[in-house]
Amino acid sequence: MGQTINYYKISNMLPMAGAFFSRTLVIFLLATCCGMATSSTLSPDTLPAEINSTAASVPATYECPSMDIRNQCENFAHLENCTVITGYLIIVLLPANNSCDYSKYRFPKLREITHFLIMYEVKNLTSIRDMFPNLTVIRGLKLLLNYALGISAMDSLQTLEFPNLVAIQRGHVYIGDNPKLCYLNRINFDRLTLAPGDNYIYPVKDANCPATIDQCSGCNSGYCWSNKVCQKFENDNVIKMQERIQHCDEQCLGGCSNRGCAVCRSWTDHGECVEECPPDKYISADYLRCYTREECVEKKLAIYKNTCVTSCPAGYNVNNVTHECDSCGGVNSCTKVCNPIKEGGAILIQTLADIEHLKGCQICNGSVVISLTNRFIESEFVQHLSDIEEIVGHLKVFKSPYLTSLKFFRNLRKIHGKPLELHHYSLILYDNQNLRELWPVREGLELANGGISIQANDRLCNRVIRNFKNTVKHDHSLDSIQTSDQEVLCAPAKLNLFVEVLSYRSIKLSWAKDETFEQVEILYRPTDPNKPFVEHSELDTNVCERVYWERELKFPQDLEQNNTHYFYKIQTLTPHTKYACLVKSFGEDDNQEARSEIKFFTTQMDIPPPPQIQITKKSFNSLTLQLSYANREDQLIDFYMLEVYEIPENPMVLDQRDYCEDPMKPFPDYHNEDFDDCCSRRLEEAEDDMFQRQLEKEFSCSLDNKKYCEINPLEDNYTNNANAILTKRLEHSETNYTIRSLERYQLYAIQVQACNRADCGSFRIINERTNYSLAADKIYDLTACKMSHNNEYRVHFKEPEKPNGYITLYALHFRYFNSSSNGPYQGHVHCLTRREHQRNNFLYQGYLNSTFNQAAVRVESLGHHTFTDWVEITICSGVQVYTKTKLAGRGSHSWNIFLIFFILGAGGTVLWVCYKRKYWRKLPQLRRYLPVHTNLQSLRRDASNDEDRQILVDGFETVRFHNSPDEDKKYLVH
């Protein structure tokens, strides 16, 4: 859009600039009011002759001289009928009284001001829209400081409106402290000022501006002086359709009509716009007018060749009879001497106006100090300073970043050095970042005292400095010339440099041997891949910026080589980084200089670091994560690997805690913590973050430490406790991903690693729970009853099917509800842990001291708590009801198993008793079914033996026989 107001720069520079502007304006007002003039400020030689008598010399023609309107509003009458002011217009120091009715001061005929417009301390003026509605151009042929338009200390001014102002051809804009001024951010001052340089716009902070301050309704350009006045520009096709004008002449500026151009772009010849003045006319460069000889004399201008000038050039004097500039013929009295403002001081050149004041000066009676921080056109220096021949003091040029040449000192013959700078130097060139050229020294240039100091001029080459120093007559022993570290090659031969990228940290440089001299300097530095690299501003600039360049000075014998080339390896580079590099070679002879072009290369990729993981959104069944990098590492990524692990709760650990006696504590409320606790907590968090970053730095995965790339923390630590429920590859562009189908209030471990063609890097892990659900923790089978004969209450309910995490406790609420009573209800609360309720087969039985008719349950889980609806307490129908309930609650399967084992045990016991008491002998019909058989032959064989025998009878029983002569044979059954 073109608007480049640097408010940071303004906020730092405007206090000084404002004081400088105000001080200079006061000096100027005193000079124009009281007749005071000095050659270093504004003198009759550099301003139109009319300025000394603005009130009495108003011509009747449309061209008006410089106007000074101050103190009384009646002075506005001098502007009546003026269409162009060939000079300046200042409106200052108008008092705050009722005598000034600005609404009646309108000057629609004024279209052009050749010098500058200044408004300062004009009280009660709120708008200038109707005062100068057709002012089209301010040419700035002469300036106040660097400014052609200055508005400051206007306490009541609300809008700065110039409906037809399209160009300020030279100079810039100064807007000082105007507390009520609005819309400054909607005015494009850069397009208004055509010359290079900076505008100074003081930001308005406390203005009572309208709500539509940021709007320019109906303005095609998008810029406006106010909501009612759009801003026009120099190249706008301003036409008037009602007058059937579709094209304006190229010499017109600001549009045209049937009467002609609004104003002329350059030269005006008696109402006509011309590209150049005709041969029979005289050129007035101070007003951009073509005059006849009589008009020049009438306007008190001198005639020099084919021009009308305000003062004769150096070596000429005005002939009062012919009004021409006659040559002095070498007479010393004709020499023009310029003095500083303060006797014994220096002639400062800090603005374009300062340059104008020295026009035609041959001798500067003091030191000349040049320090220009604003951009300018260098041809103006040649035009105004090229006549200087002698400087009585010293010459100092410093901190002028836009100055590239000193050729305007081509006629300088002598610097006396009275006084010297630092008691040593009469010529000082310091910290001029773009100075490349000095001036051609004539024979006889002499420094009468002192030496030369040339330092920190980083684009001023060695040969130029040495030739200049050797040509000037001076005391060489006092010189201070910039060091070798700051040397710049003048016009070096081309060195062909080749760059080979070896790895993610190293490159190999090679160049021909025949292009190498006694020393080699290798320079390289990282660059921003998204910004163009400008050698003019980055290479060989001031010393402070050189720290960005790595510099290595080598000798040819230190380099690797073959028969034709030298080689050098750089092995400490940063992976996947764009670098700029070049090689210089030089010798003792000035002609032994060679330099390569700047070569750009990018090192190979390293294994990418893990991304930052942030949970941007979560619900009871989903987590949305965002992957990001702080320093553009995402450019190294080809894809991501995502793994999600479910970390279940441990029931054995949770059940060890009695949540009725030791309930869960709420999360800490950081909003209500005191100052000391807050500081301690933040200090601990900072230490934890620092410790984590240090761990990541020490054990980060890279090609240098690839052993750390094989560690998967979740697989190593959670294999037995968690399951990887999701493994997914995410493409480079998928930095936002939603994990779905998760459990309510469940803890998950999410780990992500970034991968590229080199390998996959370290894991980044975060643990996060899903949200709780309001629909969870519900109980749908709650029943409650009371025994009819006592206060025993029985409440039954199952566990919620989908809880918000692990169930910790149940709170049973009882109350006696009476719909006709508005008073408080009688109630009772009993707490049950989840484990206790499960052990009791999901049935609560308890005796209460009071009678209740309603019951409800509050379910407490890790994530939330839910209160059921109240249910009516009924009368229990008997124990059988709750037996069935218990069976149903525990499950019929467990009851059936118990019953089966009971029946089997009872039956087995009965059979054993019958068997031991020989009840089966009394039932012969049953003996045949018993599995006992006796082998008589075996018994006879063993009857003679004295030892016991054991016989296995059909694998069912062991029968032991004992053979003794004293006892009858008998048998034992075991």
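Below you will find a few notes about this structure. In this text the structure is predicted, and so the values were computed from the model without any measurement. Per-chain numbering applies: the sequence of each chain, read as written, is numbered from 1 onward. Residues qualify for local features only when their pLDDT is at least 70, as the model is predicted, and side-chain atom pairs are given and counted only at 80 or more; totals for whole chains, interfaces and linings, by contrast, use all residues. Only hydrogens and water are removed before side-chain values are computed, so all heavy atoms of the structure are retained for them.

## Quick notes on the nonpolar core
For our purposes a nonpolar core is just a set of buried Ala, Val, Leu, Ile, Met, Phe, Trp, Tyr and Cys residues, chained together by side-chain atoms within 4.5 Å. Only protein chains enter the accessibility calculation, which uses a 1.4 Å probe; a residue is then buried when its area is under 20% of its type maximum, exposed when over 50%, and partly exposed in between. Counting 83 residues, the largest nonpolar core has Phe76, Leu89, Tyr102, Phe132, Phe162, Leu395 and Leu406 as the members making the most contacts within it. Both domain 1 (63-236) and domain 3 (337-487) contribute no fewer than three residues apiece to this core. Beyond its immediate chain neighbours, meaning those up to four positions away, Leu395 contacts Val368, Phe409, Leu412, Ile415, Ser426, Leu427, Ile428 and Trp439. By size, the runner-up hydrophobic cluster in this structure holds 20 residues, among which are Leu623, Tyr629, Leu636 and Tyr737. Domain start and stop positions are those given by an automatic or database domain assignment. Between two residues, a contact is recorded if the distance between any of their heavy atoms is within 4.5 Å.

## A look at the layout of surface pockets
Approximately 870 Å³ is the volume attributed to the second largest pocket. Taken together, 40 residues make up the lining of the second largest pocket; nearest its centre are Ala285, Asp286, Lys359, Gln383 and His384. Elements with a contribution of two residues or more to the lining of the second largest pocket: β19 (307-309), α4 (352-357) and α5 (379-385). The nonpolar class holds Ala, Val, Leu, Ile, Met, Phe, Trp, Tyr, Cys and Pro. Asp, Glu, Lys and Arg form the charged class, and all remaining residues, Gly among them, are polar. In terms of residue class, the lining of the second largest pocket is made up of 16 nonpolar, 11 polar and 13 charged. Cavities and pockets were defined on a 1 Å grid built from protein atoms only: a cavity is a group of points that admits a 1.4 Å probe but offers it no way out, a pocket is an open group of points flanked by protein on both sides within 12 Å along at least five of seven lines, and a lining residue is one with an atom within 4 Å of any such point. Grid points are joined across faces, edges and corners, and a volume is the space filled by probe spheres set on the points. Helix and strand assignments follow DSSP, with helices taken as H or I runs no shorter than four residues and strands as E runs no shorter than two, numbered in order from the N terminus.

## Observations concerning the state of the cysteines
The disulfide criterion used throughout: a pair of cysteine sulfur atoms within 2.5 Å. Applying the stated criterion to the full structure yields 13 disulfides. Disulfide pairing is shown between Cys64 and Cys82; the S-S distance is 1.8 Å. With the S-S bond torsion at -95°, the cross-link from Cys64 to Cys82 turns out left-handed. Residue Cys64 is located in strand β1 (residues 63-64), and its partner Cys82 is located in the loop between β2 (67-70) and β3 (84-85); the two are separated by 18 residues in the primary sequence. A sulfur-sulfur distance of 1.9 Å marks the disulfide that ties Cys264 to Cys273. Here Cys264 and Cys273 share a disulfide; its torsion about the S-S bond, -85°, makes the bridge left-handed. You can call Cys264 buried: its relative accessible area is 6%. Free cysteine Cys678: the closest other cysteine sulfur is in Cys679, separated by 5.6 Å.

## What to know about empty space enclosed by the protein
Summed over all chains, the structure comprises one cavity of 30 Å³ or more. Looking at the largest cavity, its volume works out to about 40 Å³. Taken together, Leu654, Asp655, Arg657, Tyr659, Tyr806, Ile807, Thr808, Thr833, Arg834 and Arg835 form the lining of the largest cavity. Of all the secondary-structure elements, those providing two or more residues to the lining of the largest cavity are α8 (651-655), β52 (807-816) and α11 (834-839).

## A word on the environment of Arg835
Examined against the element boundaries, Arg835 turns out to sit in helix α11. Separated by 28 residues in the primary sequence, Arg835 and Ile807 place their C-alpha atoms 9.2 Å from one another.

## Some thoughts on the pattern of salt bridges
Salt bridge, as used here: a side-chain nitrogen of Lys or Arg that lies within 4 Å of a carboxyl oxygen of Asp or Glu. In the structure shown here, the tally under the stated rule is 30 salt bridges. One salt bridge connects Lys396 with Glu421, and the closest N-O pair in it is separated by 3.0 Å. Linking Lys396 in strand β27 (residues 395-398) with Glu421 in the loop between β28 (414-415) and β29 (425-430), this pair joins segments that are 25 residues apart in sequence. Assessed through its relative accessible area of 18%, Glu421 is described here as buried. Salt bridges here are not isolated pairs; linked through shared partners, they connect Glu63, Glu112, Arg139, Arg289 and Lys299.

## Things to note about the sheet that holds β28
Being paired, for any two strands, means DSSP has found at least two bridges between them. Strand order in the open sheet made by the five strands is β22-β24-β26-β28-β30, with parallel pairing throughout. At either end of the open sheet lies a strand with only one pairing partner, and these are β22 (337-338) and β30 (446-447). Across two bridges, the pairing between β28 and β30 is parallel. Across the sheet, residue Lys414 finds its bridge partner in β30, namely Glu446.

## Considering the sheet that holds strand β47 (residues 736-739)
Reading across from one edge, β43-β44-β47 is the order of the three strands in this open sheet, with antiparallel pairing throughout. Taken across any chain shown, the strands that pair with only one partner, and hence form the sheet edges, are β43 (612-618) and β47. The sheet shows a mean angle of 30° between the axes of neighbouring strands, taken without regard to direction. Both strand β44 (residues 623-628) and β47 contribute to a ladder of four bridges, which runs antiparallel. Paired with Thr624 across the bridge in β47 is Thr738. Here an axis means a line fitted to C-alpha atoms, over the contact stretch when the element is a helix, while the angle between two N-to-C directions is reported on a 0 to 180 degree scale.

## Some details on a nonpolar patch on the surface
Like-charged residues within 9 Å of one another, or nonpolar side chains (Val, Leu, Ile, Met, Phe, Trp, Tyr) within 5 Å, are grouped into patches, provided each residue has over 30% relative accessible area and no salt bridge. Shrake-Rupley sampling with a 1.4 Å probe provides the accessible areas, and residues are treated as covered by the protein chains on show and by no other component. A grouping of Phe898, Leu899, Phe902 and Ile903 is seen on the molecular surface, where their side chains present a nonpolar patch of about 450 Å² in accessible area. Mapping Leu899 onto the fold places it in helix α13 (residues 892-916). By relative accessible area, Leu899 is classed as partly exposed at 47%.

## What to know about the pairing of strand β49 (residues 760-769)
Where strand β48 (residues 747-755) lies against β49, eight bridges are found, and the strand directions are antiparallel. Looking across to β49, one finds that Ala749 is bridged to Asn767. In sequence, β48 turns back onto β49 through a hairpin of four residues.

## Comments concerning the packing of aromatic side chains
Only Phe, Tyr and Trp rings are paired, with Trp represented by its six-membered ring, and only when their centres lie within 6.5 Å; those with planes under 30 degrees apart are stacked, over 60 edge-to-face, the remainder tilted. Scanning all chains against the criterion turns up 23 aromatic pairs. When the centroid spacing of 6.1 Å and the interplanar angle of 55° are considered together, the rings of Tyr793 and Phe852 count as tilted. With Tyr793 in strand β51 (residues 792-796) and Phe852 in the loop between β54 (843-847) and β55 (854-861), this pair connects stretches of sequence that are 59 residues apart. The same class applies to Tyr793 as to Phe852, namely buried. Put simply, the rings of Phe376, Phe381, Phe408, Phe409, Trp439 and Phe468 pair up and form one aromatic cluster. The ring of Phe233 is capped by Arg191, whose NZ or CZ atom sits 3.8 Å from the centre of that ring. By definition here, charges over rings are those cases where NZ of Lys or CZ of Arg is within 6 Å of the ring centre and within 35 degrees of the ring normal.

## Here we look at a negative patch on the surface
A cluster of acidic residues, Asp249, Glu250, Glu275 and Glu276, forms a negative patch at the surface. With respect to the helices and strands, Glu275 occurs in the loop between β15 (272-274) and β16 (282-284). Positive charges come from Lys and Arg, negative ones from Asp and Glu, while His and the chain ends are left out of the count. Where a charge lies is defined by one atom per residue type: Lys uses NZ, Arg uses CZ, Asp uses CG and Glu uses CD.

## Regarding the side chain of Thr603
As for its placement among the helices and strands, Thr603 is situated in the loop between β42 (599-602) and β43. Overall, the relative accessible area of 2% leaves Thr603 in the buried class. Here the side chain of Thr603 touches His576 through a polar contact of 2.8 Å, landing on its backbone nitrogen. Think of a polar contact as two N or O atoms within 3.5 Å of one another; within protein, one of them needs to be a possible hydrogen donor and the other a possible acceptor, and neighboring residues in sequence only count if both atoms come from side chains. Polar side-chain contacts of Thr603 include one of 3.0 Å to the backbone nitrogen of Thr577. Look past the residues within four positions of Thr603 in its chain and what remains in contact with it is Val501, Ser503, Tyr504, Leu573, Thr574, Pro575, His576, Thr577 and Tyr579.

## Quick look at helix α6 (residues 462-471)
Three or more residues of α6 are buried, namely Asn462, Ile465 and Phe468. Looking straight down α6, one finds that the buried residues subtend no more than 140° of arc, so they occupy a single side. Against β29, β31 (451-455), β32 (480-481) and β41 (593-596) lie the buried residues of α6. Note: the arc covers the axis-to-C-beta directions of the helix.

## What about unusual backbone geometry?
With an omega dihedral of 10°, the bond running from Lys418 to Pro419 counts as a cis peptide bond. Relative to the helices and strands, Pro419 resides in the loop between β28 and β29. A positive phi is found at Asp431, a non-glycine position, where the angle reads about 55°. Its place among the elements puts Asp431 in the loop between β29 and β30. Its relative accessible area of 15% is what places Asp431 among the buried residues. Phi is positive for Phe842, close to 60°, though the residue is something other than glycine.

## Section: the side chain of Ser156
Its location among the elements puts Ser156 in the loop between β8 (147-152) and β9 (167-168). With residues up to four places along the chain from it excluded, the contact list for Ser156 reads Asn124, Leu125, Thr126 and Lys180.

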